[in-house]
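# Secondary and tertiary structure notes
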Amino acid sequence: MTPKKTMQEFWNERYQREEYIYGKDPNEYLKAKLKNLTPGRILFPAEGEGRNAVHAAKKGWQVSAFDQSEEGRKKALRLAEAEGVEIDYTVSGLQNLSFKEAQFDAIGFVYAHFPPQQRQEFFNSAHKYLKEGGKVIFEGFASKHPQYQESNPAVGGPKEPEMLFSEEEIKNSFHDLHFLEFFEGEIELEEGAFHKGKGWVIRFVAEKKK
């Protein structure tokens with residue numbers, strides 16, 4: 001029996017491809033929400049190939065990002081160089097980060113799916129690292145997404161139901177933030193070869209209470 005790959009091995013193998021599997025353009029929801037914010041310091045957990053981090057840097061943000069994939073970091077830094085910007089990108093798990101409390105004006109969770117045992121720890125980091133009045137911008141696949149995967153595998157997303165999000169979980173996990181907007185429903189994705197077609201997502205913007 002072939003041993004099950006670790007998440008790090010899975011993502012390193014996926015990101016070894018020459019093409020940017022989720023494209024080079026930023027997530028549309030993140031792009032739209034950043035337009036309404038004054039650039040400051042922003043953090044991208046699980047940033048992968050860097051498309052969102054590079055976009056934020058081009059808009060004047062001071063960008064930090066982390067991911068467990070060295071291959072993702074390599075592609076992100078290549079993209080940043082090609083676009084003439086700099087990003088601070090660390091290969092690390094959550095436990096080894098050296099960010100300071102209240103360091104960031106915004107945190108972008110874009111399809112940052114983690115196993116349940118790790119997820120709350122990642123979400124808690126949003127409160128720890130976010131300044132008062134800072135914003136969380138979030139988009140991820142929600143619990144109804146598997147029916148979209150069945151009809152269109154190209155839409156991507158985790159195949160394990162426990163990796164998906166529910167409104168109840170999100171609002172419990174971020175109970176110490178003030179939700180400025182919240183949406184759960186169907187959207188059309190056009191993000192490279194691995195996020196293509198209709199999917200079911202949760203999107204929100206929330207603010208750390210002052």
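Note: the structure precedes this text.
Now for a quick tour of the structure.

Reading the values: rules and limits
- Residues numbered from 1 in each chain as written.
- Predicted model: local features only at pLDDT ≥ 70, side-chain atom pairs only at ≥ 80, totals over all residues.
- Heavy atoms only, no water.
- 1 Å grid on protein atoms, 1.4 Å probe; cavity = no way out; pocket = protein on both sides within 12 Å on 5 of 7 lines; lining within 4 Å.
- Points joined across faces, edges and corners; volume = space filled by probe spheres on them.
- Helix = DSSP H or I, 4+ residues; strand = E, 2+ residues; numbered from the N terminus.
- Nonpolar A, V, L, I, M, F, W, Y, C, P; charged D, E, K, R; others polar.
- Contact = heavy atoms within 4.5 Å.

### Digging into the layout of surface pockets
The computed volume of the largest pocket comes to approximately 1300 Å³. What lines the largest pocket is a set of 47 residues, among which Met7, Phe10, Trp11, His113 and Met163 lie closest to the centre. Counting only elements with at least two residues in the lining of the largest pocket, the list comes to helix H1 (7-15), helix H3 (51-58), strand S2 (62-67) and helix H5 (116-129). In terms of residue count, H1 provides more of the lining of the largest pocket than any other element does, five residues in total. Considering only residue class, the lining of the largest pocket consists of 21 nonpolar, 15 polar and 11 charged. Of the voids in this model, the second largest pocket is the one considered here, and its volume is about 180 Å³. Lining the second largest pocket are 17 residues, and of these Pro26, Asn27, Glu28, Glu190 and Glu191 lie nearest its centre. When residues of the lining of the second largest pocket are traced back to their parent elements, those giving at least two are helix H2 (28-34) and strand S6 (177-191).

### Focus: the environment of Ala53
With respect to the element layout, Ala53 can be found in helix H3. Measuring from C-alpha to C-alpha, the distance between Ala53 and Pro26 comes to 8.2 Å, with 27 residues separating the pair along the chain. Setting aside anything within four residues of it in sequence, one finds Ala53 in contact with Phe44, Glu47, Val63 and Ile87.

### Comments concerning the environment of Gly84
Structurally, the position occupied by Gly84 is in the loop between helix H4 (70-82) and strand S3 (88-91). In the structure, Gly84 is positioned 27 residues away from Ala57 in sequence and 9.4 Å away in space, judged by C-alpha atoms.

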